[in-house]
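# A structural walkthrough
The chain contents come next:
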Amino acid sequence: MNIKILQLIEGARKAQGLTVIIDVFRAYSLEAYLLAKGAEKIIPVADVELAYKLKKENPAFILAGERHGKILPGFDIGNSPSQISSLDPKGKTVVHTTSAGTQGISNAINASEILGGSLVNAKATAKYIKESGAKNVSLVCMGLEALRPTEEDTLCAEYIKSLIENTGLDIKSEAEKLKFTSGAKFFDDTQKDVFPKDDFFLCTDIDRFDFVLKLKKEKGTLPCIVKEKL
């Protein structure tokens with residue numbers, strides 16, 4: 001199995017084979033929590049205007065997303081796992097657009113299969129990859145607004161790779177260090193409205209979920225992320 005760790009939009013465009021688009025803070029962590037709470041499916045879109053259009057055509061859809069970390073006008077929730085504590089997404093469709101994670105899916109044009117990845121389901125993702133028998137695997141780290149690499153996404157890719165190859169990585173210790181690097185914003189009181197502290201702990205709750213986020217494509221419909229248990 002050939003495993004490549006790639007970065008940002010360029011990495012998504014280069015990705016081949018079974019591809020994992022990684023966004024720990026916070027896109028694919030949020031999607032995992034939404035699906036765990038019973039959301040039927042999530043439609044990831046790169047374009048904000050498309051998200052608004054889908055909501056207008058389907059008022060029952062939940063709009064989730066951000067730009068520069070901030071919830072978009074008229075959206076039901078932002079990109080924050082802690083914001084869904086009072087949300088009931090059971091049986092509903094969520095339309096999700098973000099600065100990084102959903103952009104990765106849109107740009108992974110050469111991938112044969114796409115998963116969404118984060119620390120909360122990394123072990124399940126690694127197991128899926130191992131059992132798939134894929135020859136080529138691309139782990140794409142989307143970073144901060146898809147503009148620069150971040151420690152949490154690269155760590156997630158390295159962790160998934162280590163699980164597939166059965167090499168050691170002290171993930172809990174490494175995740176703790178994120179408080180002082182890319183995760184520091186969650187502990188900055190001046191940013192608490194956009195990056196609540198609880199999000200850090202929800203996004204670094206390693207291997208909380210035993211399912212993968214799988215992009216499903218059906219003719220005549222937009223691709224959507226669904227929960228697939230192993």
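Rules used throughout
Residues numbered from 1 in each chain as written. Predicted model: local features only at pLDDT ≥ 70, side-chain atom pairs only at ≥ 80, totals over all residues. Heavy atoms only, no water. Phe/Tyr/Trp six-rings, centres within 6.5 Å; stacked < 30°, edge-to-face > 60°. Buried < 20%, exposed > 50% of the residue type's maximum accessible area, 1.4 Å probe, protein only. Lys NZ or Arg CZ within 6 Å of the ring centre and 35° of its normal. Core = buried A, V, L, I, M, F, W, Y, C linked by side-chain atoms within 4.5 Å. Helix = DSSP H or I, 4+ residues; strand = E, 2+ residues; numbered from the N terminus. Contact = heavy atoms within 4.5 Å.

Summed over the entire model, instances satisfying the criterion amount to ten aromatic pairs. Look at Phe186 and Phe195: their rings are 5.7 Å apart centre to centre, the planes differ by 85°, and that puts the pair in the edge-to-face class. For Phe186, a relative accessible area of 2% corresponds to the buried category. Summarising the aromatic geometry, the rings of Phe200 and Phe201 are spaced 5.4 Å apart at their centres and angled 90° between planes, so their arrangement reads as edge-to-face. Residue class for Phe200 comes out buried when judged on its relative accessible area of 2%. Clustering of aromatic rings is evident, with ring pairs tying together Phe25, Phe186, Phe187, Phe195, Phe200 and Phe201. If you follow Lys185 out to its NZ or CZ, it ends over the ring of Phe195, 4.6 Å from the centre. One residue, Lys227, lies across the ring of Phe211, its end atom 5.4 Å from the ring centre.

For the rest of this paragraph, the subject is the nonpolar core. Core analysis: the largest hydrophobic core is formed by 34 residues, its most contacted members being Ile21 and Leu34. Contributions of two or more residues to this core are made by helix H1 (8–14), helix H2 (27–36), strand E4 (62–67), strand E7 (111–117) and strand E9 (211–216). Per element, the largest residue contribution to this core is seven residues, and it comes from H2. With near-sequence residues (within four places) excluded, Leu34 lies in contact with Ala39, Ile42, Ile77, Ile84, Leu87, Pro89 and Val94. Counting 32 residues, the second-largest nonpolar core is a separate cluster that includes Tyr159, Ile164, Ile206 and Val212.

Geometry only, nothing functional implied.
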